[in-house]
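Residue strings, one per chain:
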Amino acid sequence: MKTGLTASALVHGVVLTWGLWALSAPEPMSIADDSLPVDIVSVEEFSQMVQGAEDAPMAEESAPEPTEDVSQPVPEAENIGENTVDLDSAPAPRAAPRETIQTAAAEAQPEPALPDPVPEPEAVPEPAPMPEPEPEPEPQEAESEPEAPAPDPVSEAIEQAAEEPDPTPAPPQNVPVPQNKPERPKPVEVAEAKPEPPKRPEPKETPEPEKPAETKSEENAFDADQIAALLNKEKSAGGGAKRQQQTAALGGRETTGATLSTSEIDALRRATKDCWYEPSGSFGSEGIVIEVSFELERDGTLQTLPRASASGGDPATRRAYEDSAVRAVRICAQTGRYQLSADSYDAWSELTFNFRPGDSY
Amino acid sequence: MGEGIVTEGLNHAGGVSMWDLFWQAGLIVKLVMIGLVVASVWTWAIIIDKVMRYAAMRRQLNNFENQFWSGRSLEELYQTLVDRKPTGMGAVFVAAMREWKKSFEKGARSPIGLQQRIEKAMDVTLAREMDHLESRLGFLATIGSAAPFVGLFGTVIGIMTSFQAIAGSQQTSLAVVAPGIAEALLATAIGLVAAIPAVIAYNKLTADAGKIGMRMESFADEFSSILSRQIDERQSVRNAA
């Protein structure tokens, strides 16, 4: 028995000492959690996504993959990265400055003509104002005689001026003002669209003569606007496209668009208001709310006819307001007041405005 | 007590080696573990002893059987064995021969009574030998059945203590719970380590002891029949004379 006991004790001692120290702590479990990087993109962010490379690392600014193939330049490229080589930016017609001058003149005219839309339903008394302006041109006959025949020769003269920069185009700008006055009512009778066509061709053709005109008038008289124009020598000309040279950065497949700032929407609303001639003096206009909705093309023209629906007030007055709102949108679209940057086209492609009687004042 | 448990529980965050687990365990768990280790030592002592003893016994039985059936005279065999204080079959043989001699030295008696006395003497010796052979096997059986429960008791106590510690430290992270439970489970592990060999050895040793007992019994029966033939022969010789 003693041998058994000693042998057992010995073996136990050996096994325990070996077990307690050799079988020490097991390897601590390495909990490797392979986490997937997840970016949460809100709907707003997604809609504002800017073109870039989808699998590139994120950077401050999104940029598509750099273009390196120079073999096929795209002649009509517009955006950076669309073309493979740097192209000279082609001179683009600059329409904006002239246009604003024109619209300023156009705005000044309708003010006296404001009562005109009111008698619209009557339609007959309108010819009456015709004789009234007639006496006005008479005293001016001496000056207006050459231009008297029609507005067309004026635009022709401007076109001629485009080819040969003459000082003559300057006076015609002022002169047509009285002429337009009598003409205004006519198109209103026949169709609303007519008064605009003369304006349209003008801005497109005129920009070239504009430059010489400015330089010449600069010599003649001191004008703050002209000095400002002088200072702003940088002419924004579109066209052409640069090669994309930035390193690719994370971004969407294409630029889906920026949002319109509130002020931009306000500006559109203001423009619509400005184009709106309220049916004044109508009875039962209290509580009317007019909702105009319309779709725009990229160039600011109307895609479809604007839709207006009014609520409250007298039914007949409501209809008059609806018509006037539709007209206001069409006028604004035709005069090019809805032109915004194409980047944010998604934001202004569909617009809806609410108006109340009296908003236009 | 409570504070002790709390600090103990907090200290559990240390090592997790076997020694750490044992050292960090509570008093009861430690006692249980130590007791189980001692039981294991004793179990293995018994196992080693029995295995050696049975092997020796088997060798002895073979030797004796060889000598017994070698054709030597029983008287001679008895003379050689009686001084060595034999065990096993030898002891049975010596007991029977001694009874035989006593009966015949003091003159003939009833042969049936002699036969009965010899068998009785052999049975008693056989029983004593078997008892000696199977001694301490009961301890193996006890360890085999009770050690798991003792280990489980230590585990339950240990887990209880560690839960008390968790309740005291007011945090339930796995790092706080794990060491206490591991150390408690160590008690069950030791209990199983002690119990499993005990059960296996008990079964094996019992079977071995049974086999040896059977061999001795069969020898006793054979020897008894030989002696009974001898008695009958002597009786007939005496009757004839």
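Residues numbered from 1 in each chain as written. Chains lettered and ligands numbered in written order. Predicted model: local features only at pLDDT ≥ 70, side-chain atom pairs only at ≥ 80, totals over all residues. Heavy atoms only, no water.

### Brief notes about the confidence of the model for chain B
Residue and element names in this part refer to chain B. For chain B, per-residue confidence averages 84 on the pLDDT scale, and 91% of positions sit at 70 or higher. By mean pLDDT, the top-scoring element of chain B is helix α3 (residues 27–68) (92), and the lowest-scoring one is helix α1 (residues 2–11) (38). Taken together, the stretch residues 1–14 has pLDDT below 50 and engages in 16 contacts with residues farther than four places along the chain or on a different chain. (pLDDT = per-residue confidence, 0-100. Helix = DSSP H or I, 4+ residues; strand = E, 2+ residues; numbered from the N terminus. Contact = heavy atoms within 4.5 Å.)

### Focus: the packing of α3(B) against helix α7 (residues 137–169) of chain B
Helix packing for two helices is described by the angle between their axes and how far apart those axes are. Residues and elements named next belong to chain B. It is the contact of α3 with α7, at a shortest axis distance of 10 Å, that shows an interaxial angle of 160°. Taken as axis vectors, α3 and α7 run roughly antiparallel relative to one another. When the axes of α3 and α7 are compared, the crossing they make is left-handed. Packed against α3, whose contacting residues are Ile28, Val29, Val32, Leu36, Ala39, Trp42, Thr43, Ile46, Ile47, Lys50 and Tyr54, the element α7 presents Leu137, Phe139, Leu140, Ile143, Ala147, Val150, Gly151, Phe153, Gly154, Ile157 and Gly158 at the interface. Residue classes in the contact of α3 with α7 are distributed as 17 nonpolar, 4 polar and 1 charged. (Axes fitted to C-alpha atoms, helices over the stretch in contact; angles between N-to-C directions. Parallel < 35°, antiparallel > 145°, perpendicular 65-115°, else oblique. Left-handed = near helix turned anticlockwise from the far one by under 90°. Nonpolar A, V, L, I, M, F, W, Y, C, P; charged D, E, K, R; others polar.)

### Some remarks on the interface of chain A and chain B
Every contact between the two is made by 16 residues of chain A and, on the other side, 15 residues of chain B. For the pair chain A and chain B, the summed buried area comes to about 1,300 Å², and 80% of that belongs to carbon and sulfur atoms. When the buried area of chain A at its contact with chain B is split by residue, A:Met1, A:His12 and A:Leu20 rank highest and sum to 44% of it. There are 0 salt bridges connecting chain A and chain B. At the junction of chain A with chain B, the criterion picks out 3 residue pairs in polar contact (both at pLDDT 80 or more). The residue inventory of the side of chain A that touches chain B, partitioned by class, reads 10 nonpolar, 6 polar and no charged. (Buried area = accessible area lost by both parts, 1.4 Å probe. Salt bridge = Lys/Arg side-chain N within 4 Å of Asp/Glu carboxyl O. Polar contact = N/O pair within 3.5 Å; in protein donor to acceptor, adjacent residues only side chain to side chain.)

### Remarks on the side chain of B:Ser40
In this fold, B:Ser40 is placed in helix α3. Classification of B:Ser40 as buried rests on a relative accessible area of 3%. (Buried < 20%, exposed > 50% of the residue type's maximum accessible area, 1.4 Å probe, protein only.)

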